[in-house]
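# Examining the three-dimensional arrangement
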Amino acid sequence: MLNKSITELSHELQRKNISSTELTQFFLSRIKQFDSKLNSFITVTEEHAMQAAKVADAKLAHAKGGPLTGIPIAQKDIFCTQGIKTSCGSKMLDNFISPYDATVVKRFNAAGMVMLGKTNMDEFAMGSSNENSYYGPVKNPWHLSYVPGGSSGGSAAAVAAYLTPASTGTDTGGSIRQPAALCGISGIKPTYGRVSRYGMVAFASSLDQGGLFARTAEDLALLLNVMAGFDENDSTSSPQPVPDYTLTLNDSLQGLRIGLPKEFFSSALDKEIATAIEAAIQEYEKLGATLHEINLPNTSLSIPAYYVVAPAECSSNLARFDGVRYGHRCKNPLDLEDLYKRSRSEGFGKEVVRRIMIGTYVLSAGYYDAYYIQAQKIRRLVRHDFEEAFKKVDVILGPTTPTPPFKLGEKTSDPLSMYLSDIYTIGVNLAGLPALSIPAGFTQGLPIGMQLISHSFTEARLLNIAHCYQKATDWHTKTPEGF
Amino acid sequence: MGALMSLTSKEIKKMAHLARLNLLEEDIALYTQQLTSILNFVEQMSQADTRQIEPLANPLDLNQPLRPDKVTEVNQRDAFQAIAPQVEAGLYLVPQVIESE
């Protein structure tokens, strides 16, 4: 069962070579055996999982299962799970037992998937290294002194170490794609509005999007079929119909026009990553694609624009954590102001406080136009850059990160240096586009990710482009030692 | 915006108050320095010529969808209040807000 894809596991279940109960026990044992090294789970839901596996086995016995029935999954601890702790990696919600399920959770449960637990993450999804969690940092399975990336570090590490075949994540500035790259797995951030945000604790409402981690693009397609789709409970949810993402996985790439942004291949890009991406580009040429140099001139401005818009939205969204209705409450508040200030300051970590303060500043009287409005205007310019590019090409290709995985503690003393590493991923969130990261090589034993970006609601094509690469190469089959 | 600036600890304290946060005295200097460098970093946004550009609030240019004005939600107050820090008779309890004469 080790390192099998979801597609393979599904066949094993359908043919009754294994039961969901056995499969679930297999992953639960692996979590017990290995997760102390990684710290990728905040909560393991063993009883819940065994119960779900039993139900799945009954369905499979009557041939009433679907392609995901009985397959385990881990949920990023930002998705509300009814009756189960939902912490968002924060002391603020350490005591929060969610009274409801997120739509995403409901959909995977209805598809018969077995939830193994809730994964570790940067607090309230703010971070690029999973070093900002109240529950301690997550380690990269490829090298335990290195970060797995963030904010969905737990979800990525768990799939990379095969503690689960699938996991959910969220991506606001790169928080699925970057950990996928650093952990050597496949991760997708769908188009904004493709996946319901109901029950997905909000960080930056115009940027947040739920997505997935798995070992292959084919697995992502199976999972996205369930995760995607209109939800009346999410007013930013798109009514665009959801295709069967698996049907077009094997379409030919003959004539595919690939755009290579000049700005993604500057001297700032690590040489070994550049070499790996060049090799990947050659693979695509062999598959019949043509290459086109394009410009995304506002790439460098996307970082400051993001680090105004996201903190502004976060300062608004995190105002709900006030010690009154749920979450952490300070002891013996003297008055209302004391209740708010102490509950919040005791509950939030430093990065969250930093971003709330930036957000408060840029939204305050006298600064709103210069910062927030200007950032929203740059956002339109960034989206325009992509729209112009997609008139000439079908997909944009580049590295996911400018540098290889870094060591724990390497960037924690300078928040800005952490922000700068988001340069290739952030514009995608500002423009609301779908993008994924798949493994494309290694540098000194650490994974390299390649990013593919396409036009809104073209996830089927994106997965097809990734799948064809994975049929021609084997980077995605490599696994870390010691797991 | 224009030249590089430096936040004062007074401004930091004001922001903290607006956000209803307490800052430890020993953290104020570090936050001042970090926030100053972040704000100076975002200064480069002033390079962009955005005079003819409208702000983009939502990447899909969506409008707020509406629904009929009918009651469709179920009252779940008990479930929601089961996890509240302090409740009584269906009300959330907080320290006294209105001063008594």
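Residues numbered from 1 in each chain as written. Chains lettered and ligands numbered in written order. Predicted model: local features only at pLDDT ≥ 70, side-chain atom pairs only at ≥ 80, totals over all residues. Heavy atoms only, no water.

## As for helix 3 (residues 46-61) of chain A
All names here are of chain A. Convention followed: Strands are runs of DSSP state E lasting at least two residues, helices are runs of H or I lasting at least four, and both sets are numbered from the N terminus onward. Expected helix span is given by 1.5 Å per residue-to-residue step, counting one fewer step than there are residues. It only takes one pair of heavy atoms within 4.5 Å for two residues to be counted as in contact.
If you check helix 3, its first and last C-alpha atoms are 22 Å apart, about what 16 residues at 1.5 Å a residue would give, namely 22 Å. Elements that come into contact with the buried residues of helix 3 comprise helix 1 (6-14), helix 2 (20-38) and strand 3 (114-119). Positioned one or two residues after helix 3, alanine 63 has a phi angle of 50 degrees, which is positive.

## Side note on the pairing of strand 8 (residues 290-294) of chain A
All names here are of chain A. As a reminder of what qualifies: For two strands to count as paired, DSSP must find a minimum of two bridges between them. With the strands pointing away from the viewer, any crossover whose connection runs clockwise from the first strand over the helix to the second is right-handed.
Where strand 7 (residues 257-261) meets strand 8, 5 bridges bridge the pair, whose relative direction is parallel. Note on strand 8: the bridge partner recorded for glycine 259 is histidine 292. With helix 8 (residues 271-286) bridging strand 7 and its parallel neighbour strand 8, the resulting β-α-β unit is right-handed.

## Describing the nonpolar core
Residue and element names in this part refer to chain A. Put simply, the rule is: Residues belong to a common nonpolar core when they are buried Ala, Val, Leu, Ile, Met, Phe, Trp, Tyr or Cys residues joined through side-chain atoms within 4.5 Å. In this scheme, a residue with accessible area under 20% of its type's maximum is buried, one over 50% is exposed, and one in between is partly exposed, where area comes from a 1.4 Å probe on protein chains only.
Ranked by internal contacts, the top residues of the largest apolar core, which has 153 residues, are Phe124, Tyr284, Phe348, Phe386, Leu452 and Leu463. Those residues within four positions of tyrosine 284 in sequence are excluded, and the remaining contacts are Leu253, Ile258, Ala289, Leu397, Ile438, Met450, Leu452, Ile465, Ala466 and Tyr469. Grouped together as the second largest cluster of nonpolar side chains are 11 residues, Ala160, Cys183, Ile185 and Leu446 included.

## As for the environment of leucine 60 of chain A
Residue and element names in this part refer to chain A. With respect to the helices and strands, leucine 60 occurs in helix 3. Separated by 83 residues in sequence, leucine 60 and histidine 143 place their C-alpha atoms 38 Å apart. Those residues within four positions of leucine 60 in sequence are excluded, and the remaining contacts are Leu13, Gln14, Lys16, Gly65 and Thr69.

## With respect to the interface of chain B and chain A
Formally: Buried area: the accessible surface (1.4 Å probe) lost by two parts on joining, summed over both. Note on definitions: salt bridges are taken to be side-chain nitrogens of Lys or Arg within 4 Å of carboxyl oxygens of Asp or Glu. Under this definition, polar contacts are N or O atom pairs within 3.5 Å; protein pairs additionally need one hydrogen-donor-capable and one acceptor-capable atom, and for neighbouring residues in sequence, both atoms have to be side-chain atoms.
The partner chain A presents 64 residues to the 53 residues of chain B that form the contact. Buried area between chain B and chain A, both sides added, is near 5,300 Å², and the carbon and sulfur share of it is 70%. Across the salt bridge formed by aspartate 27 of chain B and lysine 350 of chain A, the nearest N and O atoms sit 4.0 Å from each other. On the surface where chain B and chain A come into contact, there are 14 residue pairs in polar contact (both at pLDDT 80 or more). When residues of the side of chain B that touches chain A are assigned to their parent elements, the largest contribution, 9 residues, is made by helix 2 (residues 25-42) of chain B.

## Observations concerning the environment of glutamine 451 of chain A
Tracing the chain through its elements places glutamine 451 of chain A in strand 11 (residues 446-453). At 3.0 Å, the side chain of glutamine 451 of chain A forms a polar contact with the backbone oxygen of tyrosine 424 of chain A.

## Points about the pairing of strand 6 (residues 210-214) of chain A
Residue and element names in this part refer to chain A. Counting buried residues in strand 6 gives 5 out of 5 residues, a clear majority hidden from the surface. Side chains Gly210, Leu212 and Ala214 of strand 6 all project onto a buried face; the interleaved residues Gly211 and Phe213 project onto the opposite face, where all are buried too. Bridge count between strand 4 (residues 166-170) and strand 6: 5 bridges; the pairing is antiparallel. Residue pairing across strands places alanine 166 opposite alanine 214, the latter belonging to strand 6. As defined by bridge partners, strand 5 (residues 186-189) adjoins strand 6 across 3 bridges and the pair is classed as antiparallel. Each bridged residue has a counterpart across the sheet, and for glycine 187 the counterpart in strand 6 is phenylalanine 213.

## What to know about the confidence of the model for chain B
The following threshold applies: The quantity known as pLDDT measures the predictor's confidence residue by residue, on a range of 0 to 100.
With 94% of its residues at a pLDDT of at least 70, chain B reaches an overall mean of 89. In the predicted assembly, ipTM is 0.93 and pTM is 0.97.

## Notes on the packing of aromatic side chains
Residue and element names in this part refer to chain A. Using the following cut-off: Pairing of aromatic rings covers Phe, Tyr and Trp, the last through its six-membered ring, and needs centres within 6.5 Å; plane angles under 30 degrees mean stacked, over 60 mean edge-to-face, and all others mean tilted. Here, a charge over a ring is recorded when the distance from Lys NZ or Arg CZ to the ring centre is within 6 Å and its angle to the ring normal is within 35 degrees.
With the rule as written, the count across this model stands at 21 aromatic pairs over all chains. Ring centres 4.9 Å apart and planes at 45 degrees place the aromatic pair phenylalanine 124 and phenylalanine 321 in the tilted group. With phenylalanine 124 in the loop between strand 3 and helix 5 (153-160) and phenylalanine 321 in the loop between helix 9 (299-317) and helix 10 (336-347), this residue pair connects regions lying 197 residues apart in the sequence. With respect to burial, phenylalanine 124 and phenylalanine 321 carry one shared label: buried. Aromatic ring contacts, followed pair by pair, group Phe96, Phe124, Phe321, Tyr326 and Phe348 into a single cluster. Taking the ring centre of phenylalanine 483 as reference, the NZ or CZ of lysine 37 above it sits at 4.8 Å.

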